[in-house]
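Architecture and fold: a report
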Amino acid sequence: MAVRKLAPEELQPESFVFSPDTEAFAEQQIAKYPPGRQASAVIPLLWKAQEQAGGWLPRKAIEAVATRLDMPFIRVMEVATFYTMFNLEPVGKYFIQFCGTTPCVLRGAGDIRQVLEKRIGDQNHVTADGNFSWLEVECLGACCNAPMVQINDDYYEDLTPENFEKLLDDLAAGRPVKKGSQIGRNTSEPFEAVNTLQDPSLYDGSQIGTWRKRFEEQAQPAGTGEAAAAVASVPQEAKAAKPTAGRPIESEVADTPAERAKKGEAPVNPVDQKEAADPSRATKVEPRTEDAAKPAPQSGKSYVASPGGGATPTSPTTPNAGTPPGQSETRRDGSESKPGVVVDKDNKTS
Ligand code: FES
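Residues numbered from 1 in each chain as written. Predicted model: local features only at pLDDT ≥ 70, side-chain atom pairs only at ≥ 80, totals over all residues. Heavy atoms only, no water.

As named in an unreviewed UniProt entry, the protein is NADH-quinone oxidoreductase subunit E, taken from Microvirga vignae. Recorded in UniProt under Catalytic activity (unreviewed entry), the annotation for the protein is "a quinone + NADH + 5 H(+)(in) = a quinol + NAD(+) + 4 H(+)(out)". The record in UniProt for the protein states the following under Cofactor (unreviewed entry): "[2Fe-2S] cluster". (UniProt positions renumbered as here; feature names shortened; annotations may be inferred.)

Here it is, written out as structure tokens:
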């Protein structure tokens, strides 16, 4: 993509003021957004200003939009220079956007380009009479009717060098022109003969419920025909591609509550239930005696009291910067947090 910058100073108009029509449009667009979010209307306002200026955006028009939306000029410039829908230089009365993307090229866009170069000249060049200029753009979404161009707001499709030259002649002479397909196609119907979707039953309603009928056939015992073939093609037992790889293989587990319920038995085996109730098989827990009186093991690690927490540090938490590890009062090897490990001043543990 070419660098997008403003037109040279000699092409810039002295001023730009919103017309009553543009001002009414601006008010309508700004009203769509909450107060303070009027910048969201920047694209429609630039679009309308471009229309008022004759198909391109002079610097003064961009400034007028920035002022109207209370935006910095550079923010509006960013939008205007980013989107190729905004022309930054004057265009012809008929501004032709020529699609040069693959489907159009495969259908003869190269020939259309040659007509443009012969009749108008290079891209972004306005003819001496001010009537035409053109620009190559990416796909315009009418690939079914390729090759095509957009002239101002309308599409012209199914172009050939001949019908395109005639189209340009008619536009230049002010004669009425045909929009859309130039070969009489109705929207994007098949090119030339209609070879598909010709079965009348598609349109008389007789096919309604066809799929339901086929599903019902498949649900019946296997017979003959398509439904039977579909049933036969379904494997009766699904096999894992690699049974030993990845997920564990599920196998039936005997004596689960689900299995017992399936057999009509009580969910829990009565033998297991009896054993569970036997006090002689219960886990023995020694009663706590003298241990209960012992204080809980204390960590050698000191803490910094959180505000209002009440804990009081008993020793410095962090050695002074530059203190050799051997002289530090607090070890930092993890042993300070092990219950029952005492670290003395000489870094000996007990
Ligand atoms: S490729 Fe030309 S319209 Fe899509």
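Right, let's talk about the side chain of lysine 48 for a bit. As for its placement among the helices and strands, lysine 48 is situated in helix H2 (residues 42-52). Accessibility expressed as a relative area gives 12% for lysine 48, which makes it buried. Ignoring sequence-local partners within four residues, the contact set of lysine 48 consists of Asp21, Thr22 and Phe25. (Helix = DSSP H or I, 4+ residues; strand = E, 2+ residues; numbered from the N terminus. Buried < 20%, exposed > 50% of the residue type's maximum accessible area, 1.4 Å probe, protein only. Contact = heavy atoms within 4.5 Å.)

Bringing the pattern of salt bridges into the picture now. Any two side chains of opposite charge can pair, given that their charged atoms come close. Summed over the entire model, instances satisfying the criterion amount to 15 salt bridges. The shortest N-O distance in the salt bridge between lysine 48 and glutamate 51 comes to 3.0 Å. Highlighted residues: lysine 48 and glutamate 51, both in helix H2, separated by three residues, approximately one helical turn. Counted as one network, the salt bridges with shared partners bring together Lys118, Arg119, Glu165 and Asp169. (Salt bridge = Lys/Arg side-chain N within 4 Å of Asp/Glu carboxyl O.)

This part is about helix H4 (residues 73-82). Because each turn of an α-helix spans 3.6 residues, side chains separated by three or four positions end up pointing in the same direction. Turning to H4, its buried residues are Val76, Met77, Val79 and Ala80. In a view along the axis of H4, the buried residues occupy a sector of 165°, so they form one face of it. Exposed side chains of H4 directed beyond 90 degrees from the buried face belong to Ile74 and Phe82. (Arc of directions from axis to C-beta.)

Okay, the packing of helix H1 (residues 20-30) against H2 next. Running from N to C, H1 and H2 point in directions that differ by 170°, and their axes come no closer than 10 Å. One way to sum up the angle between H1 and H2 is to call them roughly antiparallel. Of the residues in H2, those touching H1 at Asp21, Thr22, Phe25, Ala26 and Gln29 are Pro44, Leu45, Lys48 and Gln52. (Axes fitted to C-alpha atoms, helices over the stretch in contact; angles between N-to-C directions. Parallel < 35°, antiparallel > 145°, perpendicular 65-115°, else oblique.)

With the rule as written, the count across this model stands at zero disulfides. Just so you know, cysteine 144 is unpaired, no disulfide at all, and the nearest cysteine sulfur is the one on cysteine 143, 6.4 Å from it. (Disulfide = S-S within 2.5 Å.)

We now examine the side chain of asparagine 163. Tracing the sequence through the fold places asparagine 163 in helix H7 (residues 161-173). In this structure asparagine 163 comes out as buried when scored by relative accessible area, which is 17%. A polar contact is formed between the side chain of asparagine 163 and the backbone nitrogen of threonine 160, at a distance of 2.8 Å. The residues touching asparagine 163, leaving out its near neighbours within four places in the chain, are Asp158, Gln182 and Ile183. (Polar contact = N/O pair within 3.5 Å; in protein donor to acceptor, adjacent residues only side chain to side chain.)

Here the focus is the nonpolar core. Formed by 28 residues in total, the largest nonpolar core has its most connected members in Ile96, Phe98, Leu116, Phe132, Val149, Ile151 and Phe164. The set of elements that each furnish at least two residues to this core consists of strand S1 (94-99), helix H6 (109-119), strand S2 (132-137), strand S3 (149-151) and H7. For this core, the leading source of residues is S1, giving five residues. Apart from the residues lying within four places of it in its own chain, the contact partners of valine 149 are Ile96, Gln97, Phe98, Ile112, Asp154, Tyr155, Tyr156, Leu159 and Phe164. (Core = buried A, V, L, I, M, F, W, Y, C linked by side-chain atoms within 4.5 Å.)

Here the focus is the layout of surface pockets. Reported here for the second largest pocket is a volume of approximately 480 Å³. Forming the boundary of the second largest pocket are 20 residues, of which Trp47, Gln50, Phe95, Asn152 and Asp153 lie nearest the centre. Residue assignment for the lining of the second largest pocket shows that the elements contributing at least two residues are H2 and S1. At three residues, H2 tops the list of elements feeding residues into the lining of the second largest pocket. Class assignment for the residues of the lining of the second largest pocket results in seven nonpolar, nine polar and four charged. Here the lining of the second largest pocket gathers at least three residues from each of two domains, domain 1 (9-82) and domain 2 (94-181). (1 Å grid on protein atoms, 1.4 Å probe; cavity = no way out; pocket = protein on both sides within 12 Å on 5 of 7 lines; lining within 4 Å. Points joined across faces, edges and corners; volume = space filled by probe spheres on them. Nonpolar A, V, L, I, M, F, W, Y, C, P; charged D, E, K, R; others polar. Domains from an automatic or database assignment.)

In terms of burial, S2 is largely enclosed, as five of its six residues are buried. The pairing of S1 with S2 spans six bridges and is parallel. Among the inter-strand pairings, cysteine 99 is bridged to a residue of S2, identified as valine 137. (Pairing = 2+ DSSP bridges.)

Turning our attention to the sheet that holds strand S5 (residues 180-181). Spatially, the five strands line up as an open sheet ordered S2-S1-S3-S4-S5, and their pairing is mixed. Two strands lie at the open edges of the sheet, namely S2 and S5, each paired on one side alone. H6 rests against S1, S2 and S3 of the sheet, and its axis sits at about 150° to S1.

Now for the packing of helix H3 (residues 59-68) against H4. Running from N to C, H3 and H4 cross one another at 120°; their axes reach a closest spacing of 9 Å. Judged by the angle between their axes, H3 and H4 are oblique. The hand of the H3/H4 crossing is right-handed. Across the interface between the two elements, Arg59, Ile62, Glu63, Val65 and Ala66 of H3 pack against Phe73, Val76, Met77 and Ala80 of H4. Its residues assigned to classes, the contact of H3 with H4 shows seven nonpolar, no polar and two charged. (Left-handed = near helix turned anticlockwise from the far one by under 90°.)

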